[in-house]
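Chain and residue survey
Each chain, written out:
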Amino acid sequence: MSQSRHSKILQTVAWEQGRLRLIDQNALPGILRHLDYTDWREVVEAIRTMIVRGAPAIGCTAALGIAMAARNQIAAGREDFLERMQPIAEKFRTARPTAVNLMWAVDRLMELAYNTPGSVVDIKDALMREALKMLEEDLTANRRLGWFGADLLADNSNILTHCNAGALATVGYGTALGVIRAAVEMGKNVHVYADETRPRLQGMKLTAWELVQEGIPVTVIADNMAASLMRQGRVDAVVVGADRIANNGDTANKIGTYSLAVVAKHHNIPFYVAAPLSTIDRNLPTGLQIPIEQRDTREMTHIGETRIAPEGVGILNPAFDVTPAELITAIITEEGVLRPSFAHSITAAFEIAKKAD
Ligand code: MRU
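First things first, this report covers the structure right here in the doc. The structure presented is a predicted model; accordingly, all values stated were derived computationally and were not measured. (Residues numbered from 1 in each chain as written. Predicted model: local features only at pLDDT ≥ 70, side-chain atom pairs only at ≥ 80, totals over all residues. Heavy atoms only, no water.)

**A short note on the site of the ligand**
Taken together, 19 residues are adjacent to the ligand, and Arg53, Arg96, Asp243, Asn253 and Lys254 come closest. Between the ligand and the protein, one listed contact pairs an oxygen atom with a backbone N or O atom of Ala55 at 2.9 Å. Side-chain polar atom of Asp243 to an oxygen atom of the ligand: 2.9 Å apart, as the coordinates give it. Taking 420 Å² as the accessible area of the ligand by itself, protein coverage stands at 99%. Its atoms largely coinciding with the cavity grid, the ligand occupies the largest cavity. For the shell around the ligand, the elements supplying multiple residues, two or more each, are α2 (55–71) and β10 (251–254). (Near = heavy atom within 4 Å. Polar contact = N/O pair within 3.5 Å; in protein donor to acceptor, adjacent residues only side chain to side chain. Areas by Shrake-Rupley, 256 points an atom, 1.4 Å probe, with all protein chains shown as cover. 1 Å grid on protein atoms, 1.4 Å probe; cavity = no way out; pocket = protein on both sides within 12 Å on 5 of 7 lines; lining within 4 Å. Sits in = over half its atoms within 2 Å of the grid points. Helix = DSSP H or I, 4+ residues; strand = E, 2+ residues; numbered from the N terminus.)

Next comes the structure, spelled out in structure tokens:
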């Protein structure tokens, strides 16, 4: 792994001169630095340790990581090559459990590997082409869903968001923040409230940083302030991203999303989920089956190197929760704005996407 300090374009995941390049999200907002990878094992570790995070970003990183691993593989022939790729794919698949984009990306590449005729070199080339195509698709999907979503936001509105569903959580542009970016591009005045998002503070460190860079007005609030702001009439809409959406619309996203949705419903405030179709897990009938990542309790007990919890205290640290579909006003995708009943609108969106393919 090697480091470089600067780049003008905020591209979170990239392939540059034969290396996988990531923005080191653990160094933000203090330092904007890029890390270059040539070893797939370090890429798995980057996903696990959240150097790269956010559902679409980790999916695209895994795709490039697998394509890179394939390129470097010395194999006796086709069968040997595919056999060697299996455990590598499994390491990527299991790096984090909740965001389905990760499994979706790994499965898409491995299916292609098995279905590509010809030599090992042909398969390697096909994998790299596919991974790069997935990066392009992510950017296009975010721009499209951004424009669909921007129509839902009124001029001069205050939007509340949670965690980071921005350029940093995708290849670029973002999902929830893509909707906000598109609204600004349409000429609308938008002010964002960013939940700081305990315990890892993605809202404070990443969302606030991204928006400040672009001059989009943003105010960070502690997570427990949202209800009070809503009661005061200071929030016009909530827009969040997603890590996995079940077939009925139940949505897993950063822990704290569910309570926002409950409070938004109580105050009659629209609650929007912005996500590409790759975040929808068609195999899951409801959100009850979504696996929730439990992270190291140190994320709760410490701020930096300082321990803030008494020794011996019990700690819970689930990284995600599931918002039931009935609390969601609409799911904003690259195929349009999906409304309840989501079981029907999700199926229709996949049919449209298939026809366009
Ligand atoms: O644990 P993280 O930082 O990977 O969690 C990210 C989120 O919860 C995002 O909201 C989600 O991945 C959507 S990103 C477009």
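**Here we look at helix α9 (residues 257–266)**
What α9 keeps buried is the set Thr257, Leu260, Ala261 and Ala264. Each buried residue of α9 sits inside an arc of 100 degrees when the element is viewed along its axis, so together they form one side. Asn268 sits one or two residues past α9 and shows a positive phi near 60 degrees. (Buried < 20%, exposed > 50% of the residue type's maximum accessible area, 1.4 Å probe, protein only. Arc of directions from axis to C-beta.)

**Thoughts on the sheet that holds β10**
Here four strands make up an open sheet; going across it, the order is β12-β9-β10-β15 and the pairing mixed. In this open sheet, the two strands that pair with only one neighbour each are β12 (280–281) and β15 (320–323). Both strand β9 (residues 244–246) and β12 contribute to a ladder of two bridges, which runs parallel. Within the sheet, the bridge partner assigned to Ile245 lies in β12 and is Ile280. Along the sheet face, α9 touches β10 and β15 and points at about 30 degrees away from the line of β15. (Pairing = 2+ DSSP bridges. Contact = heavy atoms within 4.5 Å. Axes fitted to C-alpha atoms, helices over the stretch in contact; angles between N-to-C directions.)

**Here we look at the sheet that holds strand β5 (residues 157–161)**
Sheet architecture is open: seven strands sit in the order β7-β6-β5-β8-β11-β16-β17, paired in mixed fashion. Each edge of the open sheet is held by one strand with a lone partner, namely β7 (218–221) and β17 (336–338). Each adjacent strand pair in this sheet contributes to an overall mean axis angle of 25 degrees, direction not counted. Judged from the three bridges that link them, strand β11 (residues 271–274) and strand β16 (residues 330–333) form a sheet pairing that is parallel. Opposite Ala274, over in β16, you have Ile332 as the bridge partner.

**Quick notes on helix α11 (residues 342–356)**
Counted at 1.5 Å a residue, the expected span for α11 with its 15 residues is 21 Å, and the 21 Å between its end C-alpha atoms agrees. Turning to α11, its buried residues are Phe342, Ser345, Ile346 and Ala349. Considered in projection along α11, the buried side chains sweep an arc of 100 degrees and stay on one side of the axis. Exposed residues lying more than 90 degrees from the buried face of α11 are His344, Lys354 and Lys355. Buried-residue contacts for α11 involve β9, β12, β16 and β17. (Expected span 1.5 Å × (residues − 1).)

**Concerning the environment of Ala348**
Looking at the secondary structure, you find Ala348 in helix α11. Considered as a pair, Ala348 and Val337 are 11 residues apart in the sequence and their alpha carbons are 11 Å apart.

**So, the packing of α2 against helix α4 (residues 100–115)**
Viewed as axis vectors pointing N to C, α2 and α4 meet at an angle of 30 degrees, and their least axial separation amounts to 7 Å. Classified by the angle between their axes, α2 and α4 sit roughly parallel to one another. Pair α2 / α4 crosses with right-handed handedness. On α4, the residues that touch Ala55, Pro56, Ile58, Gly59, Ala62, Ala63, Ile66 and Ala67 of α2 are Asn101, Leu102, Ala105, Val106 and Leu109. Split into classes, the residues belonging to the contact of α2 with α4 amount to 11 nonpolar, two polar and no charged. (Parallel < 35°, antiparallel > 145°, perpendicular 65-115°, else oblique. Left-handed = near helix turned anticlockwise from the far one by under 90°. Nonpolar A, V, L, I, M, F, W, Y, C, P; charged D, E, K, R; others polar.)

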